[in-house]
Amino acid sequence: TIMRIQLVSYVLKIQSKDKVYMTADIINSSTSDLIVFSGSTLDTIEDVFKLQGLIKNKKSTALIEVSRISLGDINSEIINCPFIIAKGEIVNMHTFQCFATSDSIENNIFLAETFINELETRRKFKVKGCNCLVLLCGENNILKNLQSNCNNVVVRIGNKSLVQRFKQVLNSSDIILNIIHQPQYGNQNKLHKRREFFSQNNRTYLSTNNCKKLSSSVKSTQYVYRNGIKIDCPEPIIDDNGRYMYRVFSL
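A short tour of the structure in this document, coming up. (Residues numbered from 1 in each chain as written. Predicted model: local features only at pLDDT ≥ 70, side-chain atom pairs only at ≥ 80, totals over all residues. Heavy atoms only, no water.)

As for the overall build of the protein
The helix and strand tally for the protein stands at six helices and 15 strands. By the compact-globule yardstick of 18 Å for 251 residues, the protein fits well, its C-alpha radius of gyration being 17 Å. Reported as C-alpha extents along the three principal axes, the dimensions of the protein are approximately 50 × 45 × 35 Å. Expressed as a percentage of the 251 residues in the protein, the buried residues total 51%. Counting contacts in the protein only where the partners sit at least 6 residues apart, residues at least 24 apart contribute 66% of the total. Carbon and sulfur atoms provide 48% of the accessible area of the protein, an area that totals close to 12100 Å². (Helix = DSSP H or I, 4+ residues; strand = E, 2+ residues; numbered from the N terminus. Rg over C-alpha atoms; globule rule 2.2 N^0.38 Å. Buried < 20%, exposed > 50% of the residue type's maximum accessible area, 1.4 Å probe, protein only. Contact = heavy atoms within 4.5 Å. Areas by Shrake-Rupley, 256 points an atom, 1.4 Å probe, with all protein chains shown as cover.)

In structure tokens, the structure reads:
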């Protein structure tokens, strides 16, 4: 079965209300099976409620992310929370970004177990019979590059049981979706090796991030890998007002 996947990238620093209407317009005009938005698609949970009232497309599934959600009386908030839009309804995945940097996860068994539990129980959804798994931005640091070995990767967890669980959740997935916030300019060789790893064993890895400036020549915005091989990106469709761009892939 062929699946059409649309990767969307926003320009940084767009106002919240504009992102709500942009997101609705992109979803409503899409004929793709799956639409994957870059990180911080919306800013607050109030924006989610506004978006819900604007969605008319009930055929496409979309993955968006909300930057922050207040925890009320605790005087705190959780950040980077993904939501699924399916059949025109917004569904809370009840998860959040567990870590952003390699330093945070290095030798942190408790955090690694928490993250793997999130992957196993809250980060999965299906589109056209394909099992999709969501990674939030720097969570790709669950992998570690070995500079002394051509930047090849290993799982950054010092616990065999957790490594096994992580590999099992990958192997039960068909598509890995990594939604990212900032442009990825540096360490492309390391990131290339991680994308290769995530897409092994006939999986597909896709990532999309926000960018400072839109251009068809920008190569650090969207990536697709299939079975360890990078897939060439088609020319992007760029918004007339320079606020976003998207590409559609058939897999």
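Re the pattern of salt bridges
As enumerated under the stated definition, the model contains ten salt bridges in all. The salt bridge partner of Lys-144 is Glu-106, with a shortest N-O separation of 3.6 Å. Taken together, the residues Lys-144 in strand 8 (residues 143-146) and Glu-106 in the loop between helix 3 (102-105) and helix 4 (109-121) connect sequence positions 38 residues apart. Classification of Lys-144 by relative accessible area gives partly exposed; the value is 30%. Residues Glu-118 and Arg-122 are paired through a salt bridge, measuring 3.6 Å at the closest nitrogen-oxygen approach. With a relative accessible area of 8%, Glu-118 lands in the buried category. Connected through salt bridges with shared partners, the residues Glu-106, Lys-144 and Arg-156 form a single ionic network. (Salt bridge = Lys/Arg side-chain N within 4 Å of Asp/Glu carboxyl O.)

Considering the sheet that holds strand 12 (residues 222-226)
Spatially, the six strands line up as an open sheet ordered 6-7-10-11-12-13, and their pairing is mixed. Each edge of the open sheet is held by one strand with a lone partner, namely strand 6 (124-127) and strand 13 (229-230). Of the strand pairs in this sheet, strand 12 and strand 13 are connected by two bridges, and their pairing is antiparallel. In the strand pairing of strand 13, Tyr-225 is matched with Lys-230. In the packing of helix 4 onto the sheet, contacts are made with strand 6 and strand 7 (130-136), and the angle to strand 7 comes to roughly 150°. (Pairing = 2+ DSSP bridges. Axes fitted to C-alpha atoms, helices over the stretch in contact; angles between N-to-C directions.)

Remarks on the side chain of Ser-40
Locating Ser-40 in the fold gives a position in the loop between strand 2 (34-37) and helix 2 (45-52). Excluding residues within four positions of it along the chain, Ser-40 makes contact with Lys-19, Glu-65, Ser-67, Asn-80 and His-181.

Considering the environment of Val-66
As for its placement among the helices and strands, Val-66 is situated in strand 3 (residues 61-70). Judged by its relative accessible area of 0%, Val-66 falls in the buried class. Val-66 sits 183 residues away from Phe-249 along the chain, and the two C-alpha atoms are 24 Å apart. The contact partners of Val-66, leaving out residues within four places of it in the chain, are Leu-42, Asp-43, Thr-44, Ile-45, Val-48, Ile-79, Asn-80, Cys-81 and Phe-83.

Section: the packing of aromatic side chains
Under the definition given, this model contains five aromatic pairs. Arranged with centres 6.2 Å apart and planes meeting at 75°, the rings of Phe-197 and Phe-198 form a pair that is edge-to-face. A single burial state applies to Phe-197 and to Phe-198, both of which are buried. Members of the aromatic cluster, connected to one another through ring pairs, are Tyr-10, Phe-37 and Tyr-244. Over the ring of Tyr-223 we find Arg-195; its NZ or CZ atom is 3.5 Å from the centre of that ring. (Phe/Tyr/Trp six-rings, centres within 6.5 Å; stacked < 30°, edge-to-face > 60°. Lys NZ or Arg CZ within 6 Å of the ring centre and 35° of its normal.)

Regarding the environment of Asn-189
Note that Asn-189 resides in helix 6 (residues 188-198). Given the relative accessible area of 41%, Asn-189 is considered partly exposed. When the C-alpha atoms of Asn-189 and Leu-7 are compared, they prove to be 22 Å apart, with 182 residues separating the residues in sequence.

A closer look at the packing of helix 4 against helix 5 (residues 160-171)
How two helices sit against one another is set out by the angle between their axes and by the gap between those axes. Axis separation between helix 4 and helix 5 bottoms out at 10 Å; the angle between their running directions is 25°. Taken as axis vectors, helix 4 and helix 5 run roughly parallel relative to one another. In this structure, helix 4 crosses over helix 5, and the sense of that crossing is left-handed. Taken together, the residues of helix 5 that come into contact with helix 4 (itself represented by Ile-109, Ala-112, Glu-113, Phe-115, Ile-116, Asn-117, Leu-119 and Glu-120) are Leu-162, Arg-165, Phe-166 and Val-169. (Parallel < 35°, antiparallel > 145°, perpendicular 65-115°, else oblique. Left-handed = near helix turned anticlockwise from the far one by under 90°.)

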